Amino acid sequence: MADDSTTRFQAGQTGLIVRLPDAEPAVRAWRERFDPSARAGVPAHITALFPFLDENRIDAHVRSALTDVLGRHHAFDLRFENCGRFPGVLYLAPEPDAQLRRLTEVIADRWPEAPPYGGQFTEIVPHLTVAAGQDDVVLDEIEADLLGKLPFACRVSSVELMVHDGAKWQERASFALLE
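Cut-offs and rules
Think of each chain on its own: its residues are numbered from 1, step by step along the sequence as written. The predicted nature of this model means local features are confined to residues of pLDDT at least 70 and side-chain atom pairs, given and counted, to a pLDDT of 80 or more, with totals for whole chains, interfaces and linings taken over all residues. Hydrogens and water are ignored here; the side-chain numbers use all heavy atoms of the structure. Whether two strands pair comes down to DSSP finding at least two bridges between them. A run of H or I in DSSP becomes a helix once it reaches four residues, and a run of E becomes a strand once it reaches two; helices and strands are each numbered from the N terminus. Helix axes are fitted only over the stretch in contact, all axes being lines through C-alpha atoms; the angle between N-to-C directions runs from 0 to 180 degrees. A residue's pLDDT is the confidence the predictor assigns to it, expressed on a 0 to 100 scale. Note on definitions: a residue-residue contact is assigned when non-hydrogen atoms from the two residues lie within 4.5 Å. Put simply, a salt bridge is a Lys or Arg side-chain nitrogen that is within 4 Å of an Asp or Glu carboxyl oxygen. Only protein chains enter the accessibility calculation, which uses a 1.4 Å probe. A residue is then buried if its area is under 20% of the maximum for its type, exposed if over 50%, and partly exposed in between. Throughout this description, a polar contact denotes any pair of N or O atoms lying within 3.5 Å of each other; where both atoms belong to protein, one of them has to be capable of donating a hydrogen while the other can accept it, and for residues adjacent in sequence the pair is counted only when both atoms sit in side chains. Two helices cross in a left-handed way if the nearer one is turned anticlockwise from the farther one by less than a right angle. They cross in a right-handed way if the turn is clockwise. Classification used: nonpolar for Ala, Val, Leu, Ile, Met, Phe, Trp, Tyr, Cys and Pro, charged for Asp, Glu, Lys and Arg, polar for all others including Gly. In a helix, the anticipated span is given by 1.5 Å times the number of residues less one. Along the arc lie the directions from the helix axis toward the C-beta atoms.

When you look at the sheet that holds strand β7 (residues 158-164) in this model, what are you seeing that I'm missing?
Sheet strands line up and pair through hydrogen bonds in the backbone, either parallel or antiparallel. Strands sit in the order β2-β1-β7-β8 across an open sheet of four strands; the sheet is antiparallel. Looking at which strands have only one partner, the edges of the open sheet turn out to be β2 (45-49) and β8 (169-176). If you compare each strand with its neighbour and ignore which way they point, the axes differ by 35° on average. Two strands pair when backbone bridges link them, and strand β1 (residues 14-19) and β2 are joined in this way by four bridges, in the antiparallel orientation. Note that in β2 the partner of arginine 19 across the bridge is histidine 45.

Structural data, given as structure tokens:
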């Protein structure tokens, strides 16, 4: 979800994420300290699409369409073996990432009014943010710790709809992938 500040989170804002509970032991402590989305209630995840539609637009028709669009895709496994960086951001890089990219593309194709990251970036780079807004010295320390916890694997079997209630992110629905 948003990486830089909890002020970017607004009541009614939504996002679609791939929850990664198997990553929590490796990243939880760092995310709680250095990722605003973690402090706002978002679990370890890879963003499928953020921002999505405003909460007042999420009705039975949208939920049904999400079930249909996402239910056509098979569950899959990811490995985490390496860290990556954006300016001021440390993340874990999922491998392979093609199915994650495809999920983002099909959701954005169905809802073109909700481009990934609000259209801010042209390339989709699936990632699990661990720390944001930090200098390289801090990111180097976190990366050294994470490298000792890699590799690990995660199964992706659903996509979750998260909604910000004005204070925290809450899961509102889960959409299963084909097993």
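We are not done yet, so read on.
For this particular structure, what's the right way to read the confidence of the model for the chain?
Keep in mind that low pLDDT regions are not for reading the predicted coordinates in detail. Mean pLDDT over the chain: 95, with 96% of residues reaching 70 or higher. Low pLDDT, under 50, characterises residues 1-6; the predicted model gives this stretch 22 contacts beyond four residues in sequence or across chains.

Just checking my understanding: could you explain the pattern of salt bridges for this structure?
Any two side chains of opposite charge can pair, on the condition that their charged atoms come close. Across all of its chains, the model carries 16 salt bridges by this definition. Of the charged contacts in the structure, one is a salt bridge between arginine 172 and glutamate 55, with a shortest N-O distance of 2.3 Å. Note that arginine 172 is positioned in strand β8 and glutamate 55 in the loop between β2 and α3 (60-71), a separation of 117 residues in sequence. Among the ionic pairs, aspartate 136 bridges to arginine 85, the shortest N-O distance being 3.5 Å.

What's the story with the side chain of threonine 14 in this structure? I'm lost.
Topologically, threonine 14 is positioned in strand β1. Assessed through its relative accessible area of 0%, threonine 14 is described here as buried. A polar side-chain atom of threonine 14 sits 2.4 Å from the main-chain carbonyl oxygen of leucine 53. Contacts of threonine 14, omitting those with residues within four sequence positions, involve Phe50, Pro51, Phe52, Leu53, Asp54, Glu55, Ile58, Leu161, Met162, Val163 and Trp169.

Would you mind going over the packing of α3 against helix α4 (residues 98-110) with me for this structure?
When two helices pack together, their arrangement is captured by the angle between the axes and the distance separating the axes. Contact geometry of α3 with α4 gives a least axis separation of 11 Å together with a crossing angle of 140°. Where α3 crosses over α4, the two elements pack in a sense that is right-handed. Residues His61, Ala65, Val69 and Leu70 of α3 form the contact with α4, whose participating residues are Leu103, Val106, Ile107 and Arg110. Residue composition of the contact of α3 with α4, by class: six nonpolar, one polar and one charged.

Would you mind showing me how to read the environment of aspartate 140 here?
Looking at the secondary structure, you find aspartate 140 in helix α5 (residues 136-147). Along the primary structure aspartate 140 and alanine 44 are separated by 96 residues, whereas in three dimensions their C-alpha atoms are 20 Å apart. Here arginine 85 takes part through its side chain, which lies 2.6 Å from a polar atom of the side chain of aspartate 140.

Is there a simple way to explain α5 in this structure?
An α-helix turns once per 3.6 residues; consequently, residues spaced three or four apart project the same way. In this model, α5 (twelve residues) spans 16 Å end to end at C-alpha, consistent with the 16 Å of a helix rising 1.5 Å per residue. All of the buried residues in α5 are Leu139, Ile142 and Leu146. Taken end-on, α5 shows its buried residues confined to a sector of 65°, consistent with a single buried face. Set apart from the buried face of α5 by more than 90 degrees, the exposed residues are Val137 and Ala144. Lining the buried residues of α5 we find α1 (24-34), β3 (76-86), β4 (89-95) and β5 (128-132). Among the residues of α5, the N-terminal cap falls to aspartate 135, whose side-chain oxygen and the backbone nitrogen of valine 137 are separated by 3.2 Å.

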